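Structural description and commentary
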Amino acid sequence: MCVNLWWKKNLTFNDLNWLLTIIKHNIWWDATDYFDDIFGVLIFSSDDTKIRNEYLCKLINDENDWIKRIAIQSQLMFKTKTDIDLLFTLIKPLLLTNNFYLIRSIGWALRNAARVNPTKIYQFVKENNVSKKIINVINEH
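Here's a quick rundown of the structure. (Residues numbered from 1 in each chain as written. Predicted model: local features only at pLDDT ≥ 70, side-chain atom pairs only at ≥ 80, totals over all residues. Heavy atoms only, no water.)

According to the stated counting rule, one finds seven salt bridges in the structure shown. Ionic pairing is found between D65 and K68, a salt bridge with its closest N-O pair at 3.6 Å. Here the residue D65 and the residue K68 both occupy positions in helix α5 (residues 65-73), the gap between them amounting to three residues, near one helical turn. On the basis of relative accessibility, which here comes to 29%, the residue D65 falls in the partly exposed class. Given a relative accessible area of 15%, K68 falls into the buried group. For E140, the salt bridge is made with R111, and the minimal N-O distance between the two is 3.7 Å. Taken as a pair, E140 in the segment after α9 (132-138) and R111 in helix α7 (residues 100-114) lie far apart in primary sequence, 29 residues in all. Counted as one network, the salt bridges with shared partners bring together R104, R111 and E140. (Salt bridge = Lys/Arg side-chain N within 4 Å of Asp/Glu carboxyl O. Helix = DSSP H or I, 4+ residues; strand = E, 2+ residues; numbered from the N terminus. Buried < 20%, exposed > 50% of the residue type's maximum accessible area, 1.4 Å probe, protein only.)

Attention shifts here to helix α8 (residues 118-127). Restricting attention to buried positions, one finds in α8 the residues I121, F124 and V125. Angularly, the buried residues of α8 cover 95° about the axis, an arc narrow enough to put them on a single face. For α8, the exposed residues set more than 90 degrees away from the buried face come down to T119, K126 and E127. Buried residues in α8 make contact with α6 (84-91), α7 and α9. (Arc of directions from axis to C-beta. Contact = heavy atoms within 4.5 Å.)

Next up, the structure:
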């Protein structure tokens with residue numbers, strides 16, 4: 001809990017690159033899932049949507065799949081504030097991935113977004129080549 005208080009008081013959008021260097025050093029899914037909340041809050045604290053979107057596109061194009069996972073999951077808990085079009089942009093190139101952790105992330109992100117905008121999500125799934133594995137994650141629970 002103390003760590004959460006520290007980063008909320010001390011980190012800004014400008015600290016994201018520093019956090020990336022930490023993340024790229026020996027990370028696994030559990031740490032990624034901790035950092036995606038921090039990244040989400042810091043990235044979406046920027047009012048400049050162009051800079052925010054460019055930064056997330058930079059993350060999704062990173063060679064490191066854990067960084068891609070953070071980009072996808074950064075909006076996971078934003079509910080009605082989720083930028084669904086941005087989410088589609090981020091996940092579209094990964095819809096046929098075989099990476100278990102990315103499949104889970106994409107499915108979770110789409111499932112959460114479907115809770116607030118089911119029509120748009122199901123239309124996206126219908127119109128795009130979304131793998132059965134991702135669809136299975138969307139339909140869990």
